[in-house]
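Results of the structural survey
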Amino acid sequence: MKFIKSISLITCLLILLTGCVKGDVNIAFKDSTNANIEIKLFFPESLLNEYNTSIDELTDKLKENGLQDWTSEKSKESINGVTYLVLDLKAPESINKGLISFLEYHEKEKSYQVKMDLNLINDIYNTSELKDINNYSLSNLKTMGLEFNLNIEMPGTIKETNVGKIVNDQVQIDLIDLLTQDKITTISINSISTHKNSFPINLLIIAGLSIILYLIIRKSK
């Protein structure tokens, strides 16, 4: 998958820079025909200054290596007193459509399931080569401040996931931990389609209007 190769490139870039760099891969499955992926990278401003580089140079490097069709936006954020230069990358429609192959809808149960084979990810990442970059392991880089998370949203209400944790109806996965373990071979997430029932609310509105109407009639007598 093209988008996984893009994530691989970005991860390598973060690893080479090291030092308090953060990244979020946000995948949102809206329904069985609509999904999108967005990647946000957070670079400490002081780190870029130390490497004598800029957010524009990093953006150009990414676009030269497979992300030329992605749209990008730059901003600045302060997190816990640290100033970050933020690069927000949004995938083209061709990649968003490819995400749908991971999602299944089960009509009988009115449920959705996402399945991602980690063997595919590991093959593309070639994690054996990522074990030792600049004499650091991925685990050591994490202790130095490297953060890279995969956040997955589902249609309906998420009921179960075999990896990560469910927070605010979103599965949050530590991607560094995922890449350095060998027990989990597939990301599997299940959700149930939910429809809000407006009947109780409508009933309360009608009751409230009836009381108001009754009071108006009484006053007019």
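Whatever comes next refers back to the structure up there.
Reference entry: report on the structure contained in this document. Note that the structure is predicted; figures quoted are calculated from it, not measured.

**Quick notes on the overall build of the protein chain**
Across its full length, the protein chain holds nine helices and eleven strands. For the protein chain, with 221 residues in total, the buried portion stands at 38%. When contacts within the protein chain are restricted to residue pairs at least 6 apart in sequence, those whose partners lie at least 24 apart make up 68%. Taken as a whole, the protein chain presents about 13,000 Å² of accessible surface, with 51% of it coming from carbon and sulfur.

**Description of the sheet that holds strand E5 (residues 103–106)**
One open sheet holds the four strands; their spatial order is E5-E6-E11-E8, and the pairing between them is antiparallel. Two strands lie at the open edges of the sheet, namely E5 and strand E8 (157–161), each paired on one side alone. Sheet twist, expressed as the average angle between the axes of neighbouring strands with direction ignored, equals 25°. Inspection of the sheet shows E5 paired to strand E6 (residues 111–117) by four bridges, in the antiparallel sense. For Glu-104, the partnering residue across the bridge sits in E6 and is Gln-113.

**Digging into the pairing of strand E10 (residues 170–174)**
Sheet topology places strand E7 (residues 147–153) next to E10; five bridges connect them, and they run antiparallel. Its bridge partner lying in E10, Asn-151 is registered against Gln-172. The sheet contact formed by strand E9 (residues 165–166) and E10 spans two bridges and is antiparallel. Note on E10: the bridge partner recorded for Lys-165 is Gln-172. From the end of E9 to the start of E10, which pair antiparallel, there are three residues, and Asn-168 there has a positive phi angle of about 50°.

**Description of the sheet that holds strand E3 (residues 71–79)**
Judged by pairing direction, the sheet is mixed, and its seven strands sit side by side in the order E3-E4-E2-E1-E7-E10-E9 without closing on themselves. The open sheet has two free edges, formed respectively by E3 and E9, since each of these has just one partner strand.

**Section: the pairing of strand E1 (residues 22–31)**
Among the ten residues of E1, seven are classified as buried, and the element is accordingly described as predominantly covered. When E1 meets strand E2 (residues 34–44), the two strands line up antiparallel, connected through nine bridges. Within the sheet, the bridge partner assigned to Asp-24 lies in E2 and is Lys-40. Between the end of E1 and the start of E2, which pair antiparallel, lie two residues. Of the pairings in the sheet, the one linking E1 to E7 comprises seven bridges and is parallel in character.

**Here's the deal with the environment of Asp-117**
Of note, Asp-117 is situated in strand E6. Residues Asp-117 and Thr-185, 68 residues apart in the sequence, show an inter-C-alpha distance of 6.3 Å. Apart from residues lying up to four places away in sequence, Asp-117 is in contact with Thr-185 and Thr-186.

**A closer look at the side chain of Ser-188**
Note that Ser-188 resides in strand E11 (residues 186–192). For Ser-188, a relative accessible area of 16% gives the class buried. Here Gln-113 takes part through its side chain, which lies 3.3 Å from a polar atom of the side chain of Ser-188. Every residue in contact with Ser-188, bar those within four places of it in the chain, is listed here: Gln-113, Val-114, Lys-115, Glu-160, Thr-161 and Asn-162.

What counts as what
- Residues numbered from 1 in each chain as written.
- Predicted model: local features only at pLDDT ≥ 70, side-chain atom pairs only at ≥ 80, totals over all residues.
- Heavy atoms only, no water.
- Helix = DSSP H or I, 4+ residues; strand = E, 2+ residues; numbered from the N terminus.
- Buried < 20%, exposed > 50% of the residue type's maximum accessible area, 1.4 Å probe, protein only.
- Contact = heavy atoms within 4.5 Å.
- Areas by Shrake-Rupley, 256 points an atom, 1.4 Å probe, with all protein chains shown as cover.
- Pairing = 2+ DSSP bridges.
- Axes fitted to C-alpha atoms, helices over the stretch in contact; angles between N-to-C directions.
- Polar contact = N/O pair within 3.5 Å; in protein donor to acceptor, adjacent residues only side chain to side chain.

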